[in-house]
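A structural walkthrough
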Amino acid sequence: MKRRGSSGRWLDRQRKDQFVKQAQDGGWRSRAVFKLEEIDKRDQLIRPGQRIVDLGAAPGGWCQYAARKLKGQGTIIGLDLLPIDALDHVELIQGDFLDDEVLAELSDKVQNKPLDLVLSDMAPNFSGIRDADLARSYELAELALDFAVKHLGQGGAFLVKVFQGADFESYRDQLRAAFAKVAIRKPGASRAESRELYLLARDPISDHNEQEQD
Ligand SMILES: C[S@@+](CC[C@H](N)C(=O)[O-])C[C@H]1O[C@@H](n2cnc3c(N)ncnc32)[C@H](O)[C@@H]1O
């Protein structure tokens, strides 16, 4: 039997994966689009006219989906470390969300007008050292939360990818302190063996928002 390294196993899995095929057939840039689609169908997140920021947007599946749902009305800003091919009705920023200058560029584009939705599908490149990987992913999730709290308007929503692990409960508590409603979502397209989950937080608590800005 032929030996397979982890990249070989990933390729095998991609070839068999129904969502990879569905994404290719539908002209989507990533299988991740089906995670957002499932959550959106259940929770009705995206509507024409909204202002949306998508953090960790490459290769652009979530932006594509959001753009289709906005039907040309509204704003989407996608940000990633990696380049993203241009998409109609989507403004793109290439840079590290952890970098102050990149955050300033994003905040400039947001122009202090309240957002309706902040999405974060950001995940660091995993090194295989579990605790370090989890810590890096929660660092991204925490900074995404700070951004969401600062920029979401009344009735806004924040959807963020997290990984089950030691920091999960305390991160969920941070969301509960900042939003009226917090729910866990594990869409079908999220691989069952993955520790990945999504937290959906809705209705920012305005007191919290004001305290954060003091
Ligand atoms: C799972 S992918 C996102 C897939 C995307 N939702 C889609 O549908 O195409 C995670 C992304 O997070 C990005 N990322 C990780 N750390 C980041 C950082 N510090 N700043 C910006 N993007 C980051 C990665 O480059 C990667 O493209």
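The sections below set out a description of the structure shown in this document.

The rules behind these values
- Residues numbered from 1 in each chain as written.
- Predicted model: local features only at pLDDT ≥ 70, side-chain atom pairs only at ≥ 80, totals over all residues.
- Heavy atoms only, no water.
- Core = buried A, V, L, I, M, F, W, Y, C linked by side-chain atoms within 4.5 Å.
- Buried < 20%, exposed > 50% of the residue type's maximum accessible area, 1.4 Å probe, protein only.
- Helix = DSSP H or I, 4+ residues; strand = E, 2+ residues; numbered from the N terminus.
- Contact = heavy atoms within 4.5 Å.
- Pairing = 2+ DSSP bridges.

Things to note about the nonpolar core
Formed by 34 residues in total, the largest nonpolar core has its most connected members in Leu 55, Leu 106, Phe 147, Phe 158, Tyr 171, Leu 175 and Phe 179. Elements with a contribution of two residues or more to this core: β1 (51–55), β2 (75–80), α5 (100–110), β4 (115–120), α6 (130–151), β5 (152–163), α7 (168–178) and β7 (196–204). A per-element tally of this core places α6 first, with 9 residues. If near-sequence neighbours (up to four positions away) are discounted, Phe 147 is found in contact with Val 53, Leu 55, Phe 97, Leu 103, Leu 106, Ser 107, Val 110, Leu 115 and Val 118. Residues Leu 45, Tyr 65, Ala 67 and Leu 70 belong to the second largest nonpolar core, which totals 29 residues.

Side note on the pairing of β1
Regular strands show a simple pattern: their side chains alternate between the two faces of the sheet. Burial analysis of β1 places 5 of its 5 residues in the buried class, which makes it a mostly covered element. Judged by which residues are buried, β1 turns out to be covered on both faces: Arg 51, Val 53 and Leu 55 on one side and Ile 52 and Asp 54 on the other are all buried. Inspection of the sheet shows β1 paired to β2 by 5 bridges, in the parallel sense. Bridge assignment links Arg 51 to a residue of β2, and that residue is Thr 75. Looking at chain direction, β1 and β4 are connected through 4 bridges and run parallel. Considered in β4, the bridge of Ile 52 is made with Leu 117.

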